[in-house]
Each structure stands twice: as C-alpha cells, then as structure tokens.
Amino acid sequence: MSPQPQAAVGAPLSRVDGRLKVTGKALYAAEFDVDGAVHAVIVDASIGRGRITSLNTRDAERHPGVLRVISHRNAPKLPYRDNSGSNNPPGRRLRVFQDDRVLFHGQPVAVVVATTLEAAQHGASLVEVRYDAEQPSTDLHKGKPGKPTTYARGDADAGLSDAAVRLDLTYQLARNHHNPMEPHATIARWDGNKVTVWDKTQWVVGTHDEIAAVFDLPADAVRVTNPFVGGGFGSGLRCWPHTIVAAMAARETKRPVKLVLSRRQMYFGAGFRPSYEYRLRLGSDRRGRLSAAIHDIDAETSSYETFTEGVMVPGQMLYSMAHVSQAYRQVPLDVNSPIWMRGPGFASASFVIESAMDELAHKIGIDPIELRRRNEPSEDEGKNLPFSTRRLRECYTVGAREFGWDRRNPRPRSKRDGNWLVGMGMAAGVYDPGRFPAEARARLDADGTAVVESATSDMGPGTYTSQTQVAADALGLTMRTVTFRLGDSLYPPTGPHGGSATMASVGTAVVDACNQVRKQAIKLAVEDRESPLYGVDAGDVVVRGGRLHVQGTPTRGETYRSLLARHNRSHLEARGSYTGPPTPERESYAAYNATFAEVAVDATLGLVRVRRMLGVYDAGRIISPKLADSQAIGGIVGGIGTALLEHTVTDHRDGRIVNANLADYLVPVNADVPEVRAIYLDGEDNSGNALGVKGLGEVVQVGVAAAIGNAVFNATGRRVRELPITAEALL
C-alpha cells in the first residue's frame, strides 16, 4: 500500500485551541454554567490523627444562605464496591464522612452547602469540631517501613566488597506539590439516579469508574466531562475525595453543587511527589567500570493506601554492572496519599544515581560523560531484553558539542564571573513511557470534514493539536477540516492522560480509526464504475487535501465530497483501538536524554542562579516540534524547581503543612528561567505503536535536578545531597 502523505505531522503548528484559551472561551471544570448550581466548601480536620468527639453545626446551619451541612453524623452510607479498572486500590480508599476517624491533617470532616460561595465559606468557619487527638506520625525518618519490594542480580555485597573504588552516599529528597494554575474543582448534578460530573481530571474514565463504584451505579448512569485542564503534572490522575463530596452533596441537596479547592486545600487534597531517603552504595574499578550497586530506598505513603512508583527502574538498567541489589520500602504515615508527579520515580532516582556518577567521575579523575560512555549497556540488564532504540551516546555527543562542554574546567571553583562562581554539570535521563489500551472514533461527513473523538484529556501538552495532526494526515485532510474532541466519558475509553502515554496510545487508536475510514472511502471509489478510480488497486490510492487520487498521478481522482454525495452517504465512520504493548515484552522501550546545566553561585551569599540549560532527547518521532519545545521547557522549569526551590514543610506536632501557599512554597518564576534549549534526535521507535513515538512529557524532567546539582559542585566544590539545594547548604 502506498504511504499516506504526511503534511501535518512534524510541522511546527500552533495550538488549535490556542485562541479559545487566550480569549477565555475555553471552559474549565469550575466555569461551566450549570443552571441552579449552589456552592460547597469543605471543613478540614485541624488534627493529624484521632477521632471526632463532637461536631456543632448549629450556627452554620442558621447562617443565611446555608442549605445543608453534611458530616459523618448525617451522610449516607456509601457502598464503595470494588472499582476494578479504576486507578484507586479496591477497599483502601479514604471513605469520606463514613466514620469519625481522622487519618491526616486537612481530611474532609464536613461540607457546607450554600446558595453563594461567600455563605458557604462563612458557614464552614462556623462549624465547631472537637477531637480526641493522637500524635500523628508524619516524619519519614521516624516512620516504620513496610515490607520491601526487592530486586537483585549477581552478588552485590561481594561485588561491592571487591570494588577498587567505593562510594556510600545518602540523599534526602523533599516532598514536592504539583501546584497547577487551575485548582481542583468539581460540579455535580443528579438527574434522578444518573449523575453528571464536571471535574478537573487527567482521566475521565478513571473518575467515571470511581464514582460508579462509590455510589454503586451502573456505568451508563455516570457521565464525567472535562474538555480543558489548567495544568495537572499528575495531580489529576485519580479521583480525589472532594469529587465524591461534591457528588454526595448534590444528591443530598437535590441541587447541582460546585466545589472548588482553595490553594491551601490543594496541599492535602490532591496528592504530591513523596519525600525520599535514598542510600546508594556504588563500586567500580579505577577506570570507572561499574561493578556493583546497592540501593536502599525509603519513601512516604499514607496509612490507608500504599503508593508506589518506578523509582527502582533506572538503577536496574541505566548503566551496565554485574551486581545490583535494591530494597524499596514504603513508610506509612498519617498523611494524605501521594500521587505521580512529572517524571514519577525516575526523576527522584535520577538525582541520586546521576549525582553519584558525578561524584565517582570526580573521585577517579574521569570526565563525567566519558564515565557514562564506559558503562553504557548493550541491553536492558534489568529485563534481559534488547533495547528498541537507545541513543544515549548520541545525546552525549550532540549535547557536549552544542553546550560547549569542552570549555568546562573539571576543577571546582576554577571559573569566576566577578563574585559569582560558575560551573557546568550534566546528567543522563531515562523514562519508561506508558502504553495503555485506548479507543477512538472517527467520522467523515459528506461535506468533507471529519470529527474524531476519544475520552482522553489535555492538561497542557497540546493533545487537541497533536491528535488533530495525526488524524488529518491519516484521513488526508487539512487541519482546519478536522475536529478532535476529548474529555468526555461518553467518548471511546482511554487510559490516564499521564506517564507519557497519550501520543503512543491514543494517537495509535486515532490513526487506526482514521485509516479505516480512509480505506472505506477508497473501497467505495475503486468499486464504483462512475468513479475515476474505478478498477484501481486500492493500495495505489492516497488522499491529500480531501481528494483521493492515484499515487504518482494526482490528476486521476475525486474528492471525498463527490464520492459520498454520489453514494448518498451522510458519513463514513469507524472505531479504532490500540491494545497496548506486546505481552510478554520483546524489547525494552524507553525515552532517554542528556541534560546540561550552567549555574552561577554567589560566593558570599550562596545563592544559585541557573544561567542556561540544554536537553537532548531520544524520544522517537516528534509529532509537533512546537509542542515538544513547550514540553521540554516545562519539564526543565519543573526540574529547576525541584533542584533549588520546592520543599513542602510539615509541622510534625500536628501534621499541618506550614507552607501551603504560593508565597511560602516556592516555584520557579520567569526570572529563574534562563536560556533553555531542546534538541530532538531524528528517528522513530516502532516497537510498540504505529506512530513511532516514545512520549516526551516525563523524560524532560528526569535528570534536570542532578545536572544542576552537578553544576553547583563544579562551581563551588560543595556536594549537596539534599533537595532542594539551598543557600544555607552552600555557605
């Protein structure tokens, strides 16, 4: 079959939804005008652990405008049936308003519903709650780890003992919060026994399934919609308690209910990247050939759920070595549950591993890039599988050339700019992009336009645009004649919008659906005696600009419009799918990067300023270079935050988050973001999807913090093993 012309894919196109966003016409979860909607405000627990002994709602209920106050005393008992297929562990949810237990500071203990937001807010302040408080356990270093998840190959203890060079390093990684621009919000409306939910979510199907499970509803009784997401970074990858509270309040009051979390409530209502204590013992010969590594990893989780992420994977496959031992322990604490945050697990592990590699390079006097080259594996030694593609060596070469790595002096504190100490650092990165089953529906209408639908999301990477690009090329249409719709559980189901999975998973389903529609049209034409294409081999027909023609003979053909009109067809339609990666895996599929950083450190004050950064990516086929640059810049900015600014502070006396606001929880601003550049290696990875993509959204943050930390060492000679890197650590 002749290849379908590609006009949209690979072009640096602007976002198709950009005008809606900049003019304010893109509607987010809390902005839908639902007739008769009232407002709800959650009352949060002011203790970190214990029981509610009394709850006085009398003054709140008397306040003008207040319709209802719901708590465990009067809330309906919900069935919480098994939610197979949802992203929340069956039987381990936080069951809101079902008993008097308080499991973490900020847990919802009541909700006030009122006719106005102001009445609901004031009503919530009038609710008096008394507790039998217990001392919460919120300190990772004082918690009791659970049973470890382990991995081993070879004999790591013996390998380490025999190593000529040994490092024993312990790293502390602070908790990070997502802080998207749009706070989490839900509007819920019941129509009899059916509920419609407008929710900020990165997975409308997961939220749909969770609501159905909690309220014991059939699938067709629940609809979840969310066409726009104002940033997520992973915070919307599950259904949070406030969504259940909103749906419960709407059913109890028989009114549509809008519930929006405050910025403060976001810190205990929608997850976080967990804190880590990570000890790494590393052994090599005197030429830098790695022989053994022992990873001991402790991470926080909640007392009512066990959260895990892929923190073990980089240590198993990023570098070649015979002996590896890992123990990954979750430490249950009296906190709300963590959730995946950009580059989950891999970003945390990379700071440790790539910082240690830099230490090893300095100790034995080898250039950090050369050390990595000497330990490049020929296969994935963690899975004993060949790599689908792995071009880290090329990332190093291109990055070193473009960044001017040859100008780096390996001797710390050797370069100054006035009172500023200047240093350069680099790090490798890897991420295992997700590939989830997905479906899409494509319809070609008689007027020559098309609509493609899938229940995925767009939290910012440009899903509307990238999926329109692949659909337009598969159908042979222009971008302006294709409409892509997403964010509705009525559309064909997909997995979560996260884990760098959307382009490979949803994109493949979209291509499949559009290919089927195009082939239907071609079949109609070649079997139609009135068509100029009658009798032509279907494999020789391509479509461009809505016109079917013989490959190489563009004058012989006809348009979709004329073909469908002649056949009295209002439309052609097909449903496409992607089943996920092959089982069992036949190749190790991952995206890679080399990240370079230059920093300046004030020699007197210890202040760190990033001057420039470069990321070089082996991420398969790039569907949209313009969107890819946005992804890379965003990931690097997030890594700057992790490296230098972001740190959630908890008062361990009562579990209160001290800096639950954007004044005290610091994130990068424009002044913190210097020259940032991204380079993408040409190529495709066709090991598991029709598009040849690997996914870019996560890998762009992996390695950034380590590159900055390594640059700080080169500038100052001070090795900081705790994130974020603060001025105090450098004085």
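Residues numbered from 1 in each chain as written. Predicted model: local features only at pLDDT ≥ 70, side-chain atom pairs only at ≥ 80, totals over all residues. Heavy atoms only, no water.

Pairing within the open sheet is mixed, and its four strands lie in the order β20-β19-β18-β24. Strands at the two margins of the open sheet, each flanked by one partner only, are β20 (482-485) and β24 (571-578). Between one strand axis and the next, the sheet turns through 15° on average, direction left out of account. As paired strands, strand β19 (residues 450-453) and β20 are joined by four bridges and run parallel to one another. Across the sheet, V452 pairs through a bridge with F484, a residue of β20. Contacts from helix α12 (residues 463-475) reach β19 and β20 within the one sheet, and its direction differs from that of β20 by about 135°. Strands β18 (438-445), β19, β20 and β24 of the sheet are contacted by helix α13 (residues 502-526), whose axis makes an angle of about 145° with β24. (Pairing = 2+ DSSP bridges. Helix = DSSP H or I, 4+ residues; strand = E, 2+ residues; numbered from the N terminus. Axes fitted to C-alpha atoms, helices over the stretch in contact; angles between N-to-C directions. Contact = heavy atoms within 4.5 Å.)

Attention now moves to unusual backbone geometry. That bond from T583 to P584 is cis: its omega, -5°, falls within 30 degrees of zero. Look at the link from L723 to P724: it is a cis peptide, with omega at 0°. Of note, P724 is situated in the loop between β30 (722-723) and α17 (727-730). Backbone geometry places Y80, a non-glycine residue, at a positive phi of 45°. With respect to the helices and strands, Y80 occurs in the loop between β3 (66-71) and β4 (101-102). Residue classification places Y80 among the buried positions, given a relative accessible area of 6%. One non-glycine residue with positive phi stands out, namely N179, at about 50°. Residue classification places N179 among the buried positions, given a relative accessible area of 16%. (Buried < 20%, exposed > 50% of the residue type's maximum accessible area, 1.4 Å probe, protein only.)

Moving on to the packing of aromatic side chains. Evaluated as defined, the whole model comprises 13 aromatic pairs. Relative to F351, the ring of Y171 has its centre 5.8 Å away and its plane inclined at 85°; by these criteria the two rings are edge-to-face. Here F351 lies in helix α9 (residues 346-364) and Y171 lies in strand β8 (residues 165-173), a separation of 180 residues in the sequence. Relative accessible area serves as the criterion here: at 1%, F351 is assigned to the buried category. Look at F387 and Y592: their rings are 6.4 Å apart centre to centre, the planes differ by 85°, and that puts the pair in the edge-to-face class. Here F387 is found in the loop between α10 (368-374) and α11 (392-403), whereas its partner Y592 is found in strand β25 (residues 591-602), with 205 residues between them in sequence. Per residue, the accessibility class of F387 equals that of Y592, and both read buried. Taken together, the aromatic side chains of Y28, F228 and Y464 make up a single cluster linked through ring pairs. Residue placement shows R435 over the ring face of Y589; its charged tip is 3.7 Å from the ring centre. Here the basic side chain of R612 rests over the ring of F403, its NZ or CZ set 3.8 Å away from the ring centre. (Phe/Tyr/Trp six-rings, centres within 6.5 Å; stacked < 30°, edge-to-face > 60°. Lys NZ or Arg CZ within 6 Å of the ring centre and 35° of its normal.)

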